[in-house]
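Structure assessment
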Amino acid sequence: MTKIVVLTGAGVSAESGIPTFRASDGLWEGHRVEEVATPEGFRANPELVLDFYNQRRRKLLSPDVKPNAAHVALANWEASLPPSDFLLITQNVDNLHVRAGSKNVVPMHGELLKARCVDTGEVFPWLDDITLETPHPKRPDQLGRLRPHIVWFGEMPLEMEKIGEALIDCDCFVSIGTSGKVYPAAGFVQMTPTECWRVEINLNSSDNSQAFDDSFVGHATEQVPRFVDAWKKRYGS
Ligand code: APR
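Residues numbered from 1 in each chain as written. Predicted model: local features only at pLDDT ≥ 70, side-chain atom pairs only at ≥ 80, totals over all residues. Heavy atoms only, no water.

1. Points about the overall build of the protein chain
Broken down by element type, the protein chain carries 8 helices and 9 strands. The C-alpha atoms of the protein chain give 18 Å as radius of gyration, which agrees with the globular expectation for 237 residues (18 Å, within 12%). For the protein chain, the proportion of contacts with a sequence separation of at least 24, taken over those separated by at least 6, is 64%. Carbon together with sulfur atoms contributes 53% to the accessible area of the protein chain, which is approximately 11,400 Å² in total. Positive and negative charge centroids in the protein chain, built from 24 and 32 side chains respectively, lie 2 Å apart. (Helix = DSSP H or I, 4+ residues; strand = E, 2+ residues; numbered from the N terminus. Rg over C-alpha atoms; globule rule 2.2 N^0.38 Å. Contact = heavy atoms within 4.5 Å. Areas by Shrake-Rupley, 256 points an atom, 1.4 Å probe, with all protein chains shown as cover. Lys, Arg positive; Asp, Glu negative; His and termini not counted. Charge placed at Lys NZ, Arg CZ, Asp CG, Glu CD.)

The structure is reproduced here in structure tokens:
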């Protein structure tokens, strides 16, 4: 048992104080998904969309948001393995996995702490608000040409080739804190080889629980360290 692929979603960061997306009212912090997470929404009301992500960026940078025991357990697990044997794919746009020490991370839905030029696609590290008056970092006479480096609905997730190659070749696939409602990530479990050990870790069962061999039910901060211990016992690492 060597090659491991981990997929994380909003549930892994919930106990760090970042709300998950699909609350029972169907809104994201008071907004419809189409308003704040589609290219059409951005075209219709760029100020609203920029402000939505500005608020989330400020929250991520606030001292009360920190990696939790689940992020740390994943980083320690990776550190105990050869680098080529572990890939962490995250749907989260926070940087909590990297802050916890994870190295081989693919943020498939983008990164909140990066900005992208709408004209050229150039990507820049970004800690400040983005507004319609923000100058381009390389061409300061151009204002308002930046957007959050976030993959919106209808856009192609990042690094899909690398993800696909890892999935078809993995021995263990662990899906943590994701509702299994958003594709392509929800379909990753189906791309793993037949003999792969597929494990789900979630507070409740997700939409595609039946595709997994085992499930660890409960809070990620408890269940992820518990699962990593179980993996180490089973495979003697
Ligand atoms: N521990 C474990 N699981 C948890 C916890 C927790 N503490 N809290 C919540 N969960 C689970 C919920 O049961 C739910 O299944 O996390 C999941 C969160 O689901 P979503 O809010 O739908 O988030 P996610 O699956 O990451 O969304 C996928 O959709 O909205 C888009 O681009 C956005 O990346 C996001 C994608």
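Back to the write-up after that little detour.
2. Topic: helix H8 (residues 220-235)
Taking 1.5 Å of rise per residue, the 16 residues of H8 would be expected to cover 22 Å, and the 22 Å separating its terminal C-alpha atoms lies within 8% of that figure. Among the residues making up H8, those that are buried are Ala 220, Thr 221, Gln 223, Val 224, Phe 227, Val 228 and Trp 231. Where the residues of H8 are buried, they touch strand S1 (4-8), helix H1 (11-14), helix H5 (69-79), strand S7 (172-176), strand S8 (197-202) and strand S9 (214-217). Immediately downstream of H8, the backbone of Gly 236 shows phi near 60°, a positive value. (Expected span 1.5 Å × (residues − 1). Buried < 20%, exposed > 50% of the residue type's maximum accessible area, 1.4 Å probe, protein only.)

3. Examining the packing of aromatic side chains
One pass over the full model with this rule turns up 11 aromatic pairs. Between the aromatic rings of Phe 42 and Trp 152, the centroid separation amounts to 5.2 Å while the plane-to-plane angle is 45°, which identifies the pairing as tilted. Of this pair, Phe 42 sits in helix H3 (residues 39-44) while Trp 152 sits in the loop between strand S6 (146-150) and helix H7 (160-167), and the two are 110 residues apart along the sequence. We classify Phe 42 as buried; its relative accessible area is 14%. Measuring from ring centre to ring centre gives 5.4 Å for Trp 77 and Trp 231, while their planes differ by 65°; the resulting arrangement is edge-to-face. Pair noted here: Trp 77 is in helix H5 and Trp 231 is in helix H8, with a separation of 154 residues, a long-range link. Judged by its relative accessible area of 0%, Trp 77 falls in the buried class. By relative accessible area, which is 2% here, Trp 231 ends up buried. What links up through ring pairs into an aromatic cluster is the set Trp 77, Phe 86, Trp 197, Phe 216, Phe 227, Trp 231 and Tyr 235. Between Arg 147 and the ring centre of Trp 152, over which it is positioned, the NZ or CZ distance is 3.8 Å. (Phe/Tyr/Trp six-rings, centres within 6.5 Å; stacked < 30°, edge-to-face > 60°. Lys NZ or Arg CZ within 6 Å of the ring centre and 35° of its normal.)

4. A short note on the site of the ligand
By nearness alone, 22 residues border the ligand, and Arg 22, Trp 28, Thr 178, Ser 179 and Asn 202 come closest of all. In this structure, an oxygen atom belonging to the ligand sits 2.9 Å away from a side-chain N or O atom of His 109. Thr 178 is positioned with one of its side-chain polar atoms (N or O) 2.7 Å from an oxygen atom of the ligand. Expressed as a share of its isolated accessible area of 730 Å², the protein-covered part of the ligand is 91%. The residue makeup of the shell around the ligand, split by class, is 8 nonpolar, 12 polar and 2 charged. (Near = heavy atom within 4 Å. Polar contact = N/O pair within 3.5 Å; in protein donor to acceptor, adjacent residues only side chain to side chain. Nonpolar A, V, L, I, M, F, W, Y, C, P; charged D, E, K, R; others polar.)

5. Re H5
Regarding H5, the residues found buried are Ala 70, His 71, Ala 73, Leu 74, Ala 75, Trp 77 and Glu 78. Against the buried residues of H5 lie S1, H1, strand S2 (86-90), helix H6 (96-100), S7 and H8. At the N-terminal boundary of H5, the capping side chain belongs to Asn 68, with an oxygen 2.7 Å from the backbone nitrogen of Ala 70.

6. Concerning the environment of Gly 164
Tracing the chain through its elements places Gly 164 in helix H7. Put simply, Gly 164 and Phe 188 are 24 residues apart on the chain and 8.2 Å apart in space, counted from C-alpha to C-alpha.

7. A few points about the nonpolar core
Counting residues in each nonpolar core, the largest one holds 24 residues, and the members touching the most others are Trp 28, Tyr 53, Leu 60, Leu 146 and Trp 152. Contributing elements (two or more residues each) for this core: helix H2 (33-36), helix H4 (46-61), strand S4 (110-117) and S6. It is H4 that provides the largest number of residues to this core, a total of 5 residues. Of all hydrophobic cores here, the second largest spans 23 residues; its members include Ala 73, Leu 88, Cys 172 and Val 199. (Core = buried A, V, L, I, M, F, W, Y, C linked by side-chain atoms within 4.5 Å.)

8. Examining unusual backbone geometry
Between Tyr 183 and Pro 184 the backbone carries a cis peptide bond, its omega angle lying at 10°. With respect to the helices and strands, the residue Pro 184 is situated in the loop between S7 and S8. You will see that Glu 159, though not glycine, has its phi angle at about 55°, which is positive. Residue position: Glu 159 is located in the loop between S6 and H7.

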